[in-house]
Amino acid sequence: MKCVWIGVGVAINEENVLYSDLLGMRSVLDKKYGNGSKAKFHLNLYDLAVPEGNIDRITESLSRIVVGLRNTPVAITNIGYFPFGAVFIQLEKNPHLLALHESVVEAIYPLRGDCVDPTYLESKRKYSERQEIMLAKYGNPFVLEEFNPHITLGFVRDAQKLEVVKKE
């Protein structure tokens, strides 16, 4: 069984009200850290490794979830970064967003087989007991109550150079 990584998210394109602000923030990040990220903006809902043979079934399950899906309200709460260098916009965990996330997870995780993304198993990764349980069951330690809704702005190659400036 060949496992492949998939990411499920909501694209944020030019029509979205946040798009120009995200471009501006990415530009500042690029100038300060030279990351030059061109990745598409998206709200990550769930990522994991799955058997390659299940991709069509996963796509079909997701298409049923998004039928009739309209804009999900979001509120920005913070700007932060993950230790591996991803800089992100933190979003409020509102009921609409959490329900969408839970629907995606519940639809996909039964189709993951025994696949686990090897990056989640790296020895440098440290998880809480709850996150270990989530990783074993869902193939991702950051789902359901551990879900961290965010929009990735870009990546900084040398994460130690990141400075976090908080408004007082």
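Bear in mind the structure is a predicted one, so any value in this text is a computation, not a measurement.

Turning our attention to the overall build of the chain. Regarding its fold elements, the chain presents 4 helices and 5 strands. When the helices and strands of the chain are listed from N to C terminus, the series reads β-α-β-α-β-β-α-α-β. Buried positions account for 39% of the 168 residues belonging to the chain. If you take every contact in the chain between residues at least 6 apart in sequence, the share linking residues at least 24 apart comes to 73%. In the structure as shown, the chain presents an accessible area of about 10,400 Å², 54% of it carried by carbon and sulfur atoms.

Tracing the sequence through the fold places Ile 108 in helix α3 (residues 95-108). The sequence separation of Ile 108 and Tyr 138 amounts to 30 residues, and the corresponding C-alpha distance is 8.8 Å. Once residues lying within four places of it in the same chain are set aside, the contact partners of Ile 108 are Ile 6, Val 8, Tyr 46, Leu 48, Ile 58 and Leu 62.

Closest axis-to-axis distance for the helix α2 (residues 55-66)/α3 pair is 9 Å, and the angle between their directions is 150°. By the angle between their axes, α2 is roughly antiparallel relative to α3. In terms of crossing hand, the pair formed by α2 and α3 is right-handed. Residues Ile 58, Ser 61, Leu 62 and Ile 65 of α2 form the contact with α3, whose own contacting residues are Leu 100, Ser 103, Val 104, Ala 107 and Ile 108. Of the residues in the contact of α2 with α3, the class split is 7 nonpolar, 2 polar and no charged.

Turning to the pairing of strand β5 (residues 150-155), a few remarks are in order. Most of β5 sits out of view: 5 of its 6 residues are buried. Pairing of strand β4 (residues 86-91) with β5 involves 5 bridges; the strand directions are antiparallel. Bridge pairing in β5 links Phe 88 to Thr 152.

Each value, and the rule that gives it
Residues numbered from 1 in each chain as written. Predicted model: local features only at pLDDT ≥ 70, side-chain atom pairs only at ≥ 80, totals over all residues. Heavy atoms only, no water. Helix = DSSP H or I, 4+ residues; strand = E, 2+ residues; numbered from the N terminus. Buried < 20%, exposed > 50% of the residue type's maximum accessible area, 1.4 Å probe, protein only. Contact = heavy atoms within 4.5 Å. Areas by Shrake-Rupley, 256 points an atom, 1.4 Å probe, with all protein chains shown as cover. Axes fitted to C-alpha atoms, helices over the stretch in contact; angles between N-to-C directions. Parallel < 35°, antiparallel > 145°, perpendicular 65-115°, else oblique. Left-handed = near helix turned anticlockwise from the far one by under 90°. Nonpolar A, V, L, I, M, F, W, Y, C, P; charged D, E, K, R; others polar. Pairing = 2+ DSSP bridges.

In short, shape yes, function no, at least from these values alone.
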